Amino acid sequence: MDALALEASGKKANAAAVPAPVPSQAPVKRKPAKKAKKAVVFFEVEILDAKTKDKLCFLDKVEPNATIGEIKSMFHKSHPQFYPARQSIRLDPKGKSLKDEEVLQHLPVGTTATFYFRDLGAQISWVTVFLTEYTGPLVIYLLFYFRVPFIYAPKYDFTTSKHWVVHLACMCHSFHYVKRLLETLFVHRFSHGTMPLRNIFKNCTYYWGFAAWMTNVCLITYLTCFCQFGNFSIHIALRNLRPPGSKTRKIPYPTKNPFTWIFLLVSCPNYTYELGSWLGFTLMTQCLPVAFFTLVGFIQMTVWAKGKHRSYLKEFRDYPPLRSPILPFVL
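Keep in mind the model is a prediction, meaning the values are calculated, not measured.

A.B. asks: Kindly report on the overall build of the protein chain, identifying the contributing residues and their values.
C.D. replies: Counting its secondary structure elements, the protein chain contains eight helices and six strands. In the protein chain, the order of α-helices and β-strands from amino to carboxyl end is α-β-β-α-β-β-β-α-α-β-α-α-α-α. Taken over 331 residues, the protein chain has a buried fraction of 39%. Pairs at least 24 residues apart make up 71% of the contacts formed inside the protein chain by residues separated by at least 6 positions. Of the roughly 20800 Å² of accessible surface on the protein chain, a fraction of 65% belongs to carbon and sulfur atoms.

Structure (structure tokens):
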């Protein structure tokens, strides 16, 4: 075989040895692996009596994002006599009550959580409390003013006084409590829905009893009118701090209303104005029942103001340091 034939046969052999090109294929898409769902760690909750330490309830498989309010509802199912508003749930038998919005998993407890229950007693809504407290003095004062039978001698039945100051006092006293009733219905927003029922008897004794005692001797003054408008202005300012349906707390500051400028010096100016109005009554009437009413009211309002002032200082680090609870620079 000559050289040309050998070269041709070699090329054919090499061509046969080269594999045919494989057609390209689309890359295979792999489905991403499903992420394993995190297992929910449920809590076991036991509720003990704060006094006796007896076990009252055991709740199994409680979700970690359950709130104290929801736990109260679960407890209520096993103990129907203790509705949620009547319950105080605590981490310690002598500790503070936990708030309804606190979440279980954010509390310093393990997956087996122990809480302590204390019965707050029968509860009543704050709206009902205020309506009851303020309706009584309004009605009682008017009974004496119109001299209905069985209060005075028969010859005075439904007679009116000749002194104009008596009529002025009645108008001002009625205005005060009508204002209070309207504020209760349309202005106030309460952070706590209820209060113990037993307290209403103490409060009504104070408001109703003094109304009957001082009804014929009160005299209103311009100071009282000024303080009434001031008191109303503070209630409006406090209302505007809390959106509807919210329990948020903010530091109250003066607004464009001049009556609110007292916030610069006082934490609870609503009590300051309240005291001023009744002090005006006392100075002008020089009457023992009015003076005693003002004194008792001042003591009680001071207790409330100090408590609220301490709460502000504890909750807000930037709370204005110049403020006093009820009286500027004094108390």
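A.B. asks: Give a description of the pairing of strand β4 (residues 112-119) that names residues and reports values.
C.D. replies: Sheet analysis places strand β1 (residues 43-49) next to β4, joined by six bridges and oriented parallel. Note on β4: the bridge partner recorded for Leu48 is Tyr116. As paired strands, strand β3 (residues 87-90) and β4 are joined by four bridges and run antiparallel to one another. Each residue of the ladder has a partner; that of Ile89, found in β4, is Phe117.

A.B. asks: Now, about helix α4 (residues 164-186): what can you tell me, with residues and values included?
C.D. replies: Spanning 23 residues, α4 covers 33 Å between terminal C-alpha atoms, matching the ideal 33 Å at 1.5 Å per step. Inspection of α4 places Ala169, Cys170, Cys172, His173, Ser174, His176, Tyr177, Lys179, Arg180, Leu181, Glu183 and Thr184 among the buried residues, and these make up the whole buried set.

A.B. asks: Lay out the packing of aromatic side chains in plain terms, naming residues and giving numbers.
C.D. replies: Scanning all chains against the criterion turns up 18 aromatic pairs. Plain terms: the ring middles of Phe75 and Phe82 are 6.4 Å apart, the flat faces sit at 15° to each other, and that makes the pair stacked. According to the relative accessible area criterion, Phe75 is buried, its value standing at 0%. When the centroid spacing of 5.6 Å and the interplanar angle of 90° are considered together, the rings of Tyr134 and Tyr207 count as edge-to-face. Here the residue Tyr134 occupies a position in helix α3 (residues 126-145), and Tyr207 occupies one in helix α5 (residues 198-214), the gap between them amounting to 73 residues.

A.B. asks: An account of the environment of Phe226 is needed here, citing residue identities and associated values.
C.D. replies: With respect to the helices and strands, Phe226 occurs in helix α6 (residues 222-241). When its relative accessible area of 45% is taken as the criterion, Phe226 is described as partly exposed. Note: C-alpha distance between Phe226 and Tyr273 (47 residues apart in sequence) is 8.4 Å. Not counting the four nearest positions on each side in its chain, Phe226 is found in contact with Phe259 and Tyr273.

A.B. asks: Can you break down the side chain of Thr184 residue by residue, with the values?
C.D. replies: By secondary structure assignment, the location of Thr184 is in helix α4. Within polar-contact distance, the side chain of Thr184 engages the backbone oxygen of Arg180 at 2.9 Å.

A.B. asks: So what about the sheet that holds β4? Which residues, and what values?
C.D. replies: The strand order β2-β1-β4-β3 describes an open sheet built from four strands, whose pairing is mixed. Of all the strands in the sheet, the pair left with one neighbour each is β2 (55-62) and β3. When the angles between neighbouring strand axes are averaged without regard to direction, this sheet yields 25°. Relative to β2, β1 runs antiparallel, the two being bridged by five bridges. Bridging across to β2, Leu48 finds its partner in Lys55. Its contacts with the sheet place helix α2 (residues 68-78) against β1, β2, β3 and β4, and it is angled at close to 120° to β2.

Reading the values: the criteria
- Residues numbered from 1 in each chain as written.
- Predicted model: local features only at pLDDT ≥ 70, side-chain atom pairs only at ≥ 80, totals over all residues.
- Heavy atoms only, no water.
- Helix = DSSP H or I, 4+ residues; strand = E, 2+ residues; numbered from the N terminus.
- Buried < 20%, exposed > 50% of the residue type's maximum accessible area, 1.4 Å probe, protein only.
- Contact = heavy atoms within 4.5 Å.
- Areas by Shrake-Rupley, 256 points an atom, 1.4 Å probe, with all protein chains shown as cover.
- Pairing = 2+ DSSP bridges.
- Expected span 1.5 Å × (residues − 1).
- Phe/Tyr/Trp six-rings, centres within 6.5 Å; stacked < 30°, edge-to-face > 60°.
- Polar contact = N/O pair within 3.5 Å; in protein donor to acceptor, adjacent residues only side chain to side chain.
- Axes fitted to C-alpha atoms, helices over the stretch in contact; angles between N-to-C directions.

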